[in-house]
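Structural overview
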Amino acid sequence: MNQKVRVGIIGIKGLPARAGADRVVEALVRRFPSMGITPTVFCDRSTTAADYGLDGVRIVRVRSLPGKYFSAPTRFLASATRALLSEELDLVHLHNIEASFILPLLRLKYPVVSTAHGFAYWRSKWGPLARQVIKLADWPFAALSSVVTSVSEKDAGQMRSRFHRDVVFIPNGVSSDFQPDIAAAAHLLSSIGLSAHNYLIFVAGRIEPTKGADLIIAAVNRLERELPLLVVGDLNQVPAYKSELEQMAGPRIHFLGPIQSPGVLFGLMVGARCLIFPSLVEAMSMVLLEAASLGVPILASDIQENRSVMAEDIQYFESGSVESLVDRLEWVLDHPIDMEQKSQKARDRVHREYNWDGIAARYAELYRQISRKRT
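Parameters and conventions
- The residue numbering used here restarts from 1 in each chain and proceeds along that chain's sequence as written.
- It should be noted that, the model being predicted, local features are given only for residues of pLDDT at least 70 and side-chain atom pairs only at 80 or more, the latter also being counted only at that level, while totals for whole chains, interfaces and linings use all residues.
- For the side-chain quantities, the full set of heavy atoms in the structure was used; hydrogens and water were omitted.
- The way it works is that DSSP assigns letters per residue, a run of H or I at least four long becomes a helix, a run of E at least two long becomes a strand, and they are numbered from the N terminus.
- Whether two residues are in contact is decided by their heavy atoms: any pair within 4.5 Å suffices.
- What qualifies as a polar contact is a pair of N or O atoms within 3.5 Å, subject to a donor-acceptor requirement within protein and to the restriction that residues adjacent in sequence count only when both atoms come from side chains.
- Buried Ala, Val, Leu, Ile, Met, Phe, Trp, Tyr and Cys residues that are joined via side-chain atoms within 4.5 Å together make up what is termed a nonpolar core.
- Exposure is judged per residue with a 1.4 Å probe applied to protein chains only, and the accessible area is read against the type maximum: over 50% gives exposed, under 20% gives buried, and values in between give partly exposed.
- Between N-to-C directions, angles span 0 to 180 degrees; the directions come from axes that are lines fitted to C-alpha atoms, helices contributing only their stretch in contact.
- Take the far helix as your reference; a near helix turned counterclockwise from it by less than a right angle gives a left-handed crossing, and one turned clockwise gives a right-handed crossing.
- Gly falls in the polar group here, along with every residue not listed as nonpolar (Ala, Val, Leu, Ile, Met, Phe, Trp, Tyr, Cys, Pro) or charged (Asp, Glu, Lys, Arg).
- The pairing criterion for strands is at least two bridges between them, as found by DSSP.
- Here, a salt bridge means any Lys or Arg side-chain nitrogen found within 4 Å of an Asp or Glu carboxyl oxygen.

1. Some words on the environment of aspartate 302
Mapping aspartate 302 onto the fold places it in the loop between strand S12 (298-301) and helix H12 (304-310). In this view, aspartate 302 contacts Arg307, Tyr316, Phe317, Glu318 and Ser319; residues no more than four positions away in its chain are not counted. Of note is the side chain of aspartate 302, whose polar atom sits 2.9 Å from the backbone nitrogen of serine 319.

2. Some remarks on the nonpolar core
Counting 38 residues, the largest nonpolar core has Ile201, Met269, Leu275 and Met310 as its most contacted members. Leave out the neighbours within four places in its chain, and methionine 269 touches Ile201, Val203, Leu275, Val287, Glu290, Ala291, Leu294 and Val296.

3. Concerning the packing of helix H11 (residues 286-293) against helix H14 (residues 336-353)
The geometry of H11 relative to H14 is characterised by a closest axis approach of 7 Å and an angle of 115° between their N-to-C directions. In terms of crossing hand, the pair formed by H11 and H14 is left-handed. Listed contacts from H14 to Leu289, Ala292 and Ser293 of H11 are Ser343, Ala346, Arg347, Val350 and His351. The residue inventory of the contact of H11 with H14, partitioned by class, reads four nonpolar, three polar and one charged.

4. Some remarks on the sheet that holds strand S6 (residues 147-150)
Sheet strands associate in pairs through backbone hydrogen bonding, adopting either a parallel or an antiparallel arrangement. If you walk across this open sheet you meet the seven strands as S3-S2-S1-S4-S5-S6-S7, and the pairing is parallel. Only two strands of the sheet have a single partner each, and these edge strands are strand S3 (58-62) and strand S7 (168-169). Across the sheet, helix H1 (residues 20-31) lies against strand S1 (5-10), strand S2 (37-44) and strand S4 (91-95), angled at about 150° from S2, the strand it touches most.

5. Quick notes on the pattern of salt bridges
In total, this model carries 22 salt bridges according to the counting rule given. Two residues, aspartate 138 and arginine 162, come together in a salt bridge whose shortest N-O distance is 2.9 Å. Here arginine 162 lies in helix H6 (residues 153-163) and aspartate 138 lies in helix H5 (residues 138-144), a separation of 24 residues in the sequence. Residue aspartate 138 is classed as buried on the basis of its relative accessible area of 4%. Each of Asp313, Arg349, Arg352 and Glu353 takes part in a single network of salt bridges with overlapping partners.

Now the structure itself:
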């Protein structure tokens, strides 16, 4: 019988998940109860409804201050305080490097597994001062965590070199049981005058400059063929960038905002001629994995983070280059059979190497090892 382990999870915004590390946590905690792990997830009460729940998962809602610069830090601090004063856990799993300023508090009582989901100061949504402040969190993350993990193989290697300590690479994953809602996606497409297999798609949880949406819009504007582009995601992260994208957009560009239903989102992805993934930096993208798992043809930037996940099973363009994106996009559209073969290989790779069940089991065993050392 597996040892029961009580794990507090801190560092996300809320459930149900909408983007980033929140989606990783949701996928993991859904699987933990069957593995002997009892998860307690600390969420912001402003984003997690009082009546929301998951079987076998305890959700603790904490208060935070409003505002771009105060919401996350006060949520992390409130979560740590609650974990110390009101909870009895075996360990804490901290997600996101920028939350690691609370590690000195957590380590007063608990061993802590800390997971890096990329370096937040890469993102141009933050100003220079904010980036420097966020970067300070690297030190406690590396020095005070009981175990350090990263969802990115590249980042894990960089952290080993920088901090001279072991960093465990545990990738993100995909489920094998989700289904695209083709009918609902078709209804949405019809409402904007489009139909399946006659558009391109770009998807990001939060759209900001490092996601490369401007590259896609510029490329689609230059295509000789009349092929529309769906831009799916939250445009409100960087108001100036939102304005720039809207000014660039011609009649081919359709801004859909965030799609809350996974079935509808997957239905839109399945119906696209190609998903374009032009990120300038990534850790390990859930969008890339999910599109590949659905068998969607993918054209992605050639950054190491993408290549290390998908190898040669998708098509690439030179990162940051509109000219290269236009050239490779024309090739993709002219070679549907080649892209279909690639997409089948990508789907097989993802389901073989990045399955959430196996990844959750790796975390569960890590928790048990730490818990046994503590007793």
